[in-house]
There are 2 protein chains.
Amino acid sequence: MDETAPQKGTVTQRAIDRIKAMIGEGRLEPGQRLPTERDLAVQLGISRSSMREAIRALTVLGVLEARHGSGIYVTQLEAGDLLETFGVVADLSRGPQLVELLEVRRILESTATALAAARITSDQLAEVEKHLTAMNATEDPEVILAHDLAFHREIATAAGNETMAAILDGLSSRTFRARVWRGYQEEGAFARTRREHAAIHRALVARDPEAARAAAAAHVGEVEQWLRSQVVDEVR
Amino acid sequence: MDETAPQKGTVTQRAIDRIKAMIGEGRLEPGQRLPTERDLAVQLGISRSSMREAIRALTVLGVLEARHGSGIYVTQLEAGDLLETFGVVADLSRGPQLVELLEVRRILESTATALAAARITSDQLAEVEKHLTAMNATEDPEVILAHDLAFHREIATAAGNETMAAILDGLSSRTFRARVWRGYQEEGAFARTRREHAAIHRALVARDPEAARAAAAAHVGEVEQWLRSQVVDEVR
DNA sequence: ACCACCCGAGTGGTCGGACCACTATGGCTA
DNA sequence: TAGCCATAGTGGTCCGACCACTCGGGTGGT
């Protein structure tokens, strides 16, 4: 008879759903400050410990942000906030799943590059060129990797879809690429990578979407094929 | 001088990173059982409360799975486990971001459908047809939605990339589509949806990737355009 | 009147312990 | 031998205390 006790799942899970629902229904706006942990616990009729677990869960999901000594706030719920967790997938995937992930990236990256070719502004293009030259001016793998990431990041942003850019960012996270690169660049793929980047840049300058799509697909596809061959060799 | 105390961030965050690292380094295999919460807390030198928060965080990320009374286990780390959080993004996004998300889905869904046209087996095709007829045989929006989801799910699976299928699943989660459909289907889009599904099915039967890509892109694009017009009207 | 400083109330972060709910295993009983 | 069941061990929940940090208002000096 107690309508307040459907009792499904753990209390923490229920608290997570309650808060998610509040945000979904618009009762909590982005950037807004939540009641204190202690108050929230009382409101939902659970202990502060359980409430903290719920808050921690929503924090790692990029929905909430806890500031020590200040309070708990709803994030802006932008692509960057919510898709940060996507990096975890890339970091923990392995073997065949890594290849699949790279295939997804190839599809999105080629489309994003094609869109960028049609929409990129001269300012953005200048930024892309900056990373391209910086990338070619050093031999430090760390620096190269950083500019490589920024190179593609800038292009994805120029495509005009922040959500897609955020996903691609996750699919190219530092640890993910570092893992793949470790063996890849030992096969003299440096020069090839530079040629591919140059081809992408040319297509952008020419504002040729089809050429850009092809160049980007080939670029990611190279790594993808190499990885595919590596996975096959993993007999263990 | 104390090398055991780099002291970066909260202890809970450190615990999360430690466990993630253990899995990344292969010290924890998929399916393996972890030490008890109490033991883990001692090992990492933190309290059980903090350790529980870390475990809860990794649980919602789909990395760990806690079974009451039994223990904590590493998931299989498959696409489905890790990409479940993708649904949260779809559920909490709104306005322009929803359009961007649908654009991503259009890109992936069209490619997946094209791949499926080339690779789908007769068994899988029969399954697709089952959902297609079931979807056309009822007027119950709930049932239609369920079969619609399964229809696209089956196609994505036939494309041979489980990771992509899992992402598309998240991008088509129940609450996400229910929200969009609420107003969409009131404009007599039912008949159109059926025609589009039929077109996709025809392309699959004909094993025509290009036709399949076009049909899928048009299908998602329809909803996307409608949503785009709705967002523009939201003056608030 | 202004400003820099300081302090205390309020907040999230951490801890330890207690107890509850559930699972699984082994021995005991029929 | 088959089935039951007591029990140890596990995750789930709660409590209360204290720590670390933020922030705003009061205080003192200029």
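This structure is a prediction, so every number in the text was calculated from the model and none was measured.

Cut-offs used in this document
Residues numbered from 1 in each chain as written. Chains lettered and ligands numbered in written order. Predicted model: local features only at pLDDT ≥ 70, side-chain atom pairs only at ≥ 80, totals over all residues. Heavy atoms only, no water. Contact = heavy atoms within 4.5 Å. Buried area = accessible area lost by both parts, 1.4 Å probe. Salt bridge = Lys/Arg side-chain N within 4 Å of Asp/Glu carboxyl O. Helix = DSSP H or I, 4+ residues; strand = E, 2+ residues; numbered from the N terminus. Least-squares fit on C-alpha atoms with pLDDT ≥ 70 in both. Buried < 20%, exposed > 50% of the residue type's maximum accessible area, 1.4 Å probe, protein only. Pairing = 2+ DSSP bridges. Near = heavy atom within 4 Å. Polar contact = N/O pair within 3.5 Å; in protein donor to acceptor, adjacent residues only side chain to side chain. Nonpolar A, V, L, I, M, F, W, Y, C, P; charged D, E, K, R; others polar. Core = buried A, V, L, I, M, F, W, Y, C linked by side-chain atoms within 4.5 Å. Phe/Tyr/Trp six-rings, centres within 6.5 Å; stacked < 30°, edge-to-face > 60°. Lys NZ or Arg CZ within 6 Å of the ring centre and 35° of its normal.

Draft legend 1. Quick peek at the interface of chain B and chain A. Every contact between the two is made by 43 residues of chain B and, on the other side, 43 residues of chain A. Counting each side, the surface lost to burial between chain B and chain A is near 3800 Å², with a carbon and sulfur contribution of 63%. On the chain B side of the contact with chain A, E53, R56 and L92 of chain B bury the most area, a combined 18% of that side's loss. Seen at the junction of chain B and chain A, the total is four salt bridges. The salt bridge involving R56 of chain A is made with E53 of chain B; its shortest N-O contact spans 3.1 Å. Of all the elements in the fold, those that place two or more residues in the side of chain B that touches chain A are α1 (11-24), α3 (48-60), α4 (79-82), α5 (86-92), α6 (96-119) and α9 (162-171) of chain B.

Draft legend 2. Quick look at the relation of the copies chain B and chain A. Mapping chain B onto chain A leaves a residual RMSD of 0.0 Å; the transformation is a rotation of 180° accompanied by 0.0 Å of translation along its axis. Here the symmetry operator amounts to a two-fold rotation axis. Interface overlap between copies: 100% of the residues of chain B at the interface are likewise at the interface in chain A, consistent with a symmetric, same-surface contact.

Draft legend 3. Expanded view of the pairing of strand β2 (residues 71-74) of chain A. Residue and element names in this part refer to chain A. On β2, burial covers both faces: G71 and Y73 on one face and I72 and V74 on the other are all buried. Pairing of strand β1 (residues 64-67) with β2 involves four bridges; the strand directions are antiparallel. Paired with E65 across the strands is Y73, a residue of β2. The turn joining β1 and β2, which pair antiparallel and follow one another in sequence, is formed by three residues; a positive phi near 85° is taken by G69.

Draft legend 4. Broad picture of the protein's contact with DNA strand C. In the neighbourhood of DNA strand C, 25 residues make up the surrounding shell, with E37, R48 and R52 of chain A together with V11 and H68 of chain B lying closest. The sugar-phosphate share of atoms of DNA strand C within 4 Å of the protein amounts to 60%. With respect to DNA strand C, the backbone of S47 of chain B contributes an N or O atom lying 3.1 Å from a phosphate oxygen. Put simply, the parts of the chain that give the surface near DNA strand C at least two residues each are α2 (37-44), α3 (48-60), β1 and β2 of chain A together with α1 and α3 of chain B. Residues of the surface near DNA strand C, tallied by class, amount to four nonpolar, 12 polar and nine charged.

Draft legend 5. How the structure looks around the environment of A134 of chain B. Residue and element names in this part refer to chain B. Position of A134 among the secondary structure elements: in helix α7 (residues 122-136). Residue A134 is classed as partly exposed on the basis of its relative accessible area, which comes to 25%. As a C-alpha pair, A134 and D148 span 14 residues in sequence and 9.4 Å in three-dimensional space.

Draft legend 6. The arrangement of the protein's contact with DNA strand D in detail. The environment of DNA strand D is formed by 25 residues, the closest being V11, S49 and H68 of chain A together with R48 and R52 of chain B. The contact atoms of DNA strand D, taken as those within 4 Å of the protein, divide so that sugar and phosphate hold 60%. In this structure, a base nitrogen belonging to DNA strand D sits 3.4 Å away from a side-chain N or O atom of R48 of chain A. At 3.3 Å from a base nitrogen of DNA strand D is found a main-chain nitrogen or oxygen belonging to G69 of chain B. Of all the secondary structure elements, the ones that give two or more residues to the surface near DNA strand D are α1 (11-24) and α3 of chain A together with α2 (37-44), α3, β1 (64-67) and β2 (71-74) of chain B.

Draft legend 7. Geometry of the nonpolar core. One finds V63 and L64 of chain A together with V63 and L64 of chain B to be the most contacted residues of the largest nonpolar core, which totals 111 residues. Non-local contacts of L64 of chain B, meaning those with residues more than four positions away in its chain, are made with I19, I23, L34, I55, L58, T59, I72, Y73, V74 and T75 of chain B.

Draft legend 8. Structural context of the pattern of salt bridges. Tallied over the full model, the rule gives 36 salt bridges over all chains. For E65 of chain A, the salt bridge is made with R67 of chain A, and the minimal N-O distance between the two is 3.7 Å. Between R153 of chain A and D169 of chain A there is a salt bridge; the shortest N-O distance is 3.5 Å. With a gap of 16 residues between them, R153 of chain A in helix α8 (residues 141-158) and D169 of chain A in helix α9 (residues 162-171) connect regions that are remote in the sequence. Under the relative-accessibility criterion, D169 of chain A is labelled partly exposed at 35%. Taken together, the shared-partner salt bridges connect E37, R48, R52 and R56 of chain A together with E53 of chain B into one network.

Draft legend 9. How the structure looks around the packing of aromatic side chains. Inspection of every chain in the model, using the stated rule, returns one aromatic pair over all chains. Note on F86 of chain A and F86 of chain B: the rings are 5.3 Å apart at their centroids and 65° apart in plane angle, and the pair reads as edge-to-face. With F86 of chain A in helix α5 (residues 86-92) and F86 of chain B in helix α5, this residue pair bridges two chains. In this arrangement the basic side chain of R67 of chain A is found over the ring face of Y73 of chain A, its NZ or CZ atom lying 3.9 Å from the centre.

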